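Residue-level structural notes
As a plain string of letters, each chain reads:
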Amino acid sequence: MRSIYSIIKKAKDYLVNEEVIAIPTETVYGLAGNAYSDKSVKKIFSIKNRPYLNPLIIHYGYLKDLKKDCYLNSNFKKLYKKFCPGPLTFILKKRPESRLSKYANNNKKTVAVRFPKHIIAKKLLKILDFPLAAPSANISTKLSSISKSDVKDEFKNKIKFIIDGGKSNVGIESTIIDLIGKPIVLRPGGLEIEKIEKVLNQKIKILKKTKNIKSPGQLSFHYSPGIPIRLNIKIPKKNEAFIQFTKRGKHKKNYFYLSKNGNINEAAKKLYSLLRYIKKKKYKSIAVDKIPNKGLGLAINDRLQRASYK
Ligand code: TXA
Ligand code: MG
């Protein structure tokens, strides 16, 4: 087996040559390129078939590097200290002298930034002399990838190098918090909002679906497995795949569950792989049980609602 160092070295070579590769993070796999290079960033949008108005998250290894691109405020400092590296993305004001490609953030005055925790992502970022722009490694509007084989599934041979970092530990995208004004969550995700509220010592609102595109990932129809999903269902139709939160009742062949013991973090981790599995089994539709709306349950329900949007 190749050592982690030789893999990271190979990844670095691709990135320095302005290629796009897939990297593991603790939330989901990312499609990564040099965030200072227009060429790399444009490649990301084209491989993903993503519109430029949906900006990317920039990933950093060191705080000192983030400081070159953004202004840090006091809420950021509190949250950074407590949760980074980890599944939390911040919207901050971009510095005018920043070298970030304008394509990465659609030429906006703000930028989304995060410090991933996965050991490979961390080590890779620390040997690069540029940050990585990395959206989730999936075709636009489809399910995110949480393993190397998911990424292959999504892109076939379109990506030259995929680093295998095992299954993503959190399994759902990062929580996005906008810190430009009063803190507001744009996307519930892998870090519980309750924990953020404790640190900032205030109640934090979640942005409601809106036509004003602050975060398109926030808009309807996203995270789709490609088949219809019905939510809050007690009894499924006969040929429908049925996803329960935790195993209950007599199980038929079409019954699945997200967590054996009703653990919401385990459920979040299993969500995307179960949806992928059900699709592969050629089910034509999915019914989902009620999922508790607490902790990571907020992120699960958010993704299911968007996946079910018609
Ligand atoms: O866990 C994650 O966040 C993963 C891993 C790979 O880090 N990345 C991820 O990226 O989920 P993506 O591109 O799938 O979602 C990024 C979201 C989008 O909804 C985008 O609209 C929002 O971040 N975003 C990026 N820049 C923004 C900005 N300046 N203002 C508001 N929203 C922004
Ligand atoms: Mg995404």
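What to know about the overall build of the chain
- Secondary structure summary: the chain contains 9 helices and 14 strands in total.
- Its C-alpha atoms give the chain a radius of gyration of 19 Å, within 12% of the compact-globule value 19 Å for 310 residues.
- With the principal axes as the frame, the chain shows a C-alpha extent of 60 × 45 × 35 Å.
- When each of the 310 residues of the chain is scored for burial, the buried share is 55%.
- Sequence separation of at least 24 residues holds for 66% of the intrachain contacts in the chain that already meet a minimum separation of 6.
- On the chain, roughly 15,000 Å² of surface is accessible, and the fraction owed to carbon and sulfur atoms is 53%.

Here's the deal with unusual backbone geometry
- Cys 84 connects to Pro 85 through a cis peptide bond whose omega is -5°.
- Within the fold, Pro 85 resides in the loop between helix 4 (74-83) and strand 5 (88-94).
- The phi angle at Asn 106 is positive, at roughly 55°, despite the residue not being glycine.
- Checked against the element boundaries, Asn 106 lands in the loop between strand 5 and strand 6 (110-114).
- Positive phi is not limited to glycine here, since Asn 232 has a value of about 55°.
- By secondary structure assignment, the location of Asn 232 is in the loop between strand 11 (229-230) and strand 12 (241-246).

Here we look at the packing of aromatic side chains
- Counted under the stated rule, the structure contains 10 aromatic pairs.
- Between Phe 242 and Tyr 255 the ring centres are 5.1 Å apart and the planes differ by 80°, which places this aromatic pair in the edge-to-face class. With Phe 242 in strand 12 and Tyr 255 in strand 13 (residues 255-259), this residue pair connects regions lying 13 residues apart in the sequence.
- Relative accessible area serves as the criterion here: at 1%, Phe 242 is assigned to the buried category.
- Three or more aromatic residues joined by ring pairs form one cluster here, namely Tyr 60, Phe 76, Tyr 80, Phe 90 and Phe 115.
- We note Lys 270 situated over the ring of Tyr 257; from NZ or CZ to the ring centre the distance is 4.7 Å.
- Across the ring face of Tyr 223, the terminal group of Arg 303 is positioned such that the distance to the ring centre comes to 5.0 Å.

A word on the sheet that holds strand 11
- With parallel pairing, 4 strands are arranged side by side in an open sheet as 11-14-12-13. Either end of the sheet is taken by a strand with one partner, and the two such strands are strand 11 and strand 13.
- With 4 bridges connecting them, strand 12 and strand 13 associate as parallel partners. Considered in strand 13, the bridge of Gln 244 is made with Tyr 257.
- Contacts from helix 8 (residues 264-280) reach strand 11, strand 12, strand 13 and strand 14 (286-288), with the element oriented near 145° to strand 13.

Some points on the confidence of the model for the chain
- Counting all residues, the mean pLDDT for the chain is 95, and 96% of those residues have values of 70 or more.
- The element-level mean pLDDT for the chain is lowest in helix 9 (residues 297-308), coming to 95, with strand 3 (residues 57-59) highest at 99.

Remarks on the packing of helix 1 (residues 4-16) against helix 5 (residues 119-127)
- Between helix 1 and helix 5, the least distance of the axes is 10 Å, while the angle of their chain directions is 55°. By the angle between their axes, helix 1 is oblique relative to helix 5. For the pair helix 1 and helix 5, the sense of crossing is right-handed. Residues Ile 4, Tyr 5, Ile 8, Ala 11, Lys 12 and Leu 15 of helix 1 touch helix 5, and the partners they reach there are Ile 120, Lys 123, Leu 124 and Ile 127.
- Here the contact of helix 1 with helix 5 is composed, by residue class, of 8 nonpolar, no polar and 2 charged.

Conventions we followed
- Residues numbered from 1 in each chain as written.
- Chains lettered and ligands numbered in written order.
- Predicted model: local features only at pLDDT ≥ 70, side-chain atom pairs only at ≥ 80, totals over all residues.
- Heavy atoms only, no water.
- Helix = DSSP H or I, 4+ residues; strand = E, 2+ residues; numbered from the N terminus.
- Rg over C-alpha atoms; globule rule 2.2 N^0.38 Å.
- Buried < 20%, exposed > 50% of the residue type's maximum accessible area, 1.4 Å probe, protein only.
- Contact = heavy atoms within 4.5 Å.
- Areas by Shrake-Rupley, 256 points an atom, 1.4 Å probe, with all protein chains shown as cover.
- Phe/Tyr/Trp six-rings, centres within 6.5 Å; stacked < 30°, edge-to-face > 60°.
- Lys NZ or Arg CZ within 6 Å of the ring centre and 35° of its normal.
- Pairing = 2+ DSSP bridges.
- Axes fitted to C-alpha atoms, helices over the stretch in contact; angles between N-to-C directions.
- pLDDT = per-residue confidence, 0-100.
- Parallel < 35°, antiparallel > 145°, perpendicular 65-115°, else oblique.
- Left-handed = near helix turned anticlockwise from the far one by under 90°.
- Nonpolar A, V, L, I, M, F, W, Y, C, P; charged D, E, K, R; others polar.

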